[in-house]
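Spelled out from the first residue to the last, the chains are:
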Amino acid sequence: MMTDPLFSRRSWLKTSSAFTAAGLTGLYTPEASGAPLKTPALSAEEIASIESAIGKKGTYNEAQAVHTIALPRNDLKIAIKSEGVPISFGFGGWVSIKKTVDGKSAVLMSDTVLLQEEVNPLISAAQAAGLEVGAIHNHFFYEEPRIFYMHFHGMGSPAELAKKFSLAIRDAKIAPANQPPQTASNSQTAKELFDISALDAIVKYTGVVNGPTYKYTVGRQDLTVLSMGAEMTAAIGLNSWASFAGTKANAHIAGDIAMLGHEVNSVIKVLRAHNLEVVAVHNHMLDEEPRMIFLHYYGKGAAEELAKGFRSALDVLGKTPQGSHPSH
């Protein structure tokens, strides 16, 4: 019998004060180590049940105990400012499942990539399947066709959650069974299009090549964030990222910055100083502690200059504002 997600989440909310009482409040401060909590691992059988229900293989992040299945929109052709951009630039959704810290349940988080007319039918299907909507918003300006992103979450066993998600997306284009296969591209990869070593030197992280795009994903190592009893880490959506498309001289950048409330306007200030456009400021989750705000940005220009803007935003994070107490 599947667990009612509303009951599960409300039960967690009623008991969440116990986490604070146990001393996790101190882990919310920028001075914290950010070491992952001891989340129980997903078993091979649980991973198999997730992949069987959703109908696609995924990737298991052992260090963060998160299993993720990518949900790219291979059926779409996207242009930004009338220039075609690859789906991997920022039009791939995902669904992730991990266990709660106490191991008694699991949590599902998902970000889905939708056309405007697809949003409300999927809301109804998700709620009928027993999942909740966490957020609906844009990530871009200037894109054609217009794209919206909808976040879902739920609680239950890994197998239950995968079945609910599969049921919710069964008739939607995002379902793996309803997607065309990714076509092989004869175009250059990001290794040929960008000076990867120069970008890495600026950002101070190593990115990942995905066909013609290059992407950085940076977690909040300074924070411990809980939602529905599970630790939110980079692999389940708590991250800042930057994706590059185009060429070294004429690049697009898009991304997201994961922030505490007091960091928001400082991040906005440095992004604008680097001529990056602020596209959206919003939530992704409903019950997380501490509260996290996500900012999406976009820019166009020389790739290395764009990378400096992303790095400037990362430099703001994790600093306690002068004259105030750390967030908790």
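What you see is a predicted model; the values in this text were computed from it and never measured.

A look at the overall build of the protein chain
Item 1. Counting its regular elements, the protein chain contains nine helices and 17 strands.
Item 2. Classification of the 328 residues of the protein chain by burial places 51% in the buried group.
Item 3. Residue pairs at least 24 apart in sequence account for 69% of intrachain contacts in the protein chain once pairs closer than 6 positions are excluded.
Item 4. Just so you have it, the protein chain exposes about 14,500 Å², and 53% of that area is on carbon and sulfur atoms.

Considering the sheet that holds strand β3 (residues 78-80)
Item 1. Pairing is antiparallel in the open sheet, where three strands are placed in the order β4-β3-β8. Each of the sheet's edge strands pairs with one partner strand only, and the pair in question is β4 (83-85) and β8 (143-144).
Item 2. In terms of strand pairing, β3 meets β4 through three bridges, oriented antiparallel. The residue of β4 that forms the bridge with A79 is G84.

Description of the packing of helix α7 (residues 196-203) against helix α9 (residues 303-316)
Angle between the axes and distance between the axes: these two values describe a pair of packed helices.
Item 1. Two elements in contact, α7 and α9, have axes separated by 8 Å at closest approach and are oriented at 25°. In terms of orientation, α7 and α9 fall into the roughly parallel class. Where α7 crosses over α9, the two elements pack in a sense that is right-handed. Residue-level contacts link A198, L199, I202 and V203 of α7 to A303, E304, A307, K308, F310, R311 and L314 of α9.
Item 2. Looking at the contact of α7 with α9, its residues break down into eight nonpolar, no polar and three charged.

What about the nonpolar core?
Item 1. Counting residues in each nonpolar core, the largest one holds 30 residues, and the members touching the most others are F194, F244, V267, Y297 and F310.
Item 2. Looking at this core, the elements that each hand over two or more residues are α6 (190-193), α7, β11 (213-219), β14 (239-246), β15 (251-259), α8 (264-273), β17 (293-301) and α9.
Item 3. Per-element accounting of this core gives the leading share, seven residues, to α9.
Item 4. Residue contacts for F194: discarding those within four places in its chain leaves L199, P212, F244, A245, G246, T247, K248, A251 and A303.
Item 5. Formed by 27 residues, the second largest nonpolar core is a distinct cluster that contains L122, I123, M150 and A175.

What to know about unusual backbone geometry
Item 1. Cis peptide bonds are those with omega within 30 degrees of zero, and the linkage from E144 to P145 qualifies with -5°.
Item 2. Secondary-structure assignment places P145 in the loop between β8 and β9 (147-156).
Item 3. A cis amide bond links E289 to the next residue, P290, at an omega of -5°.
Item 4. Inspection of the secondary structure puts P290 in the loop between β16 (277-282) and β17.

Looking at the sheet that holds strand β5 (residues 92-99)
Strands belonging to one sheet form pairs held by backbone hydrogen bonds; the direction of such a pair is parallel or antiparallel.
Item 1. If you trace the six strands from one edge of the open sheet to the other, you get β1-β2-β5-β6-β9-β7, paired in antiparallel fashion. The outermost strands of the open sheet, each flanked by one partner alone, are β1 (59-61) and β7 (132-137). Recorded for the sheet is a direction-independent mean angle of 20° between the axes of neighbouring strands.
Item 2. Here three bridges tie β1 to strand β2 (residues 66-72), and the two strands are oriented antiparallel to one another. By the bridge assignment, T59 is partnered in β2 with T68.
Item 3. Where helix α4 (residues 119-129) meets the sheet, it contacts β6 (106-115), β7 and β9, and its direction lies at approximately 5° from that of β9.

Quick notes on the packing of aromatic side chains
Item 1. Summed over the entire model, instances satisfying the criterion amount to nine aromatic pairs.
Item 2. Geometrically, the ring pair formed by Y216 and F244 is edge-to-face, given 6.2 Å between the ring centres and 80° between the ring planes. With Y216 in strand β11 and F244 in strand β14, the pair connects residues that are 28 residues apart, well separated along the chain.
Item 3. Under the relative-accessibility criterion, Y216 is labelled buried at 0%.
Item 4. Here the basic side chain of K81 rests over the ring of Y142, its NZ or CZ set 4.6 Å away from the ring centre.
Item 5. One Lys or Arg, K215, reaches over the ring of W241 and ends 4.6 Å from the middle of that ring.

Rules used throughout
Residues numbered from 1 in each chain as written. Predicted model: local features only at pLDDT ≥ 70, side-chain atom pairs only at ≥ 80, totals over all residues. Heavy atoms only, no water. Helix = DSSP H or I, 4+ residues; strand = E, 2+ residues; numbered from the N terminus. Buried < 20%, exposed > 50% of the residue type's maximum accessible area, 1.4 Å probe, protein only. Contact = heavy atoms within 4.5 Å. Areas by Shrake-Rupley, 256 points an atom, 1.4 Å probe, with all protein chains shown as cover. Pairing = 2+ DSSP bridges. Axes fitted to C-alpha atoms, helices over the stretch in contact; angles between N-to-C directions. Parallel < 35°, antiparallel > 145°, perpendicular 65-115°, else oblique. Left-handed = near helix turned anticlockwise from the far one by under 90°. Nonpolar A, V, L, I, M, F, W, Y, C, P; charged D, E, K, R; others polar. Core = buried A, V, L, I, M, F, W, Y, C linked by side-chain atoms within 4.5 Å. Phe/Tyr/Trp six-rings, centres within 6.5 Å; stacked < 30°, edge-to-face > 60°. Lys NZ or Arg CZ within 6 Å of the ring centre and 35° of its normal.

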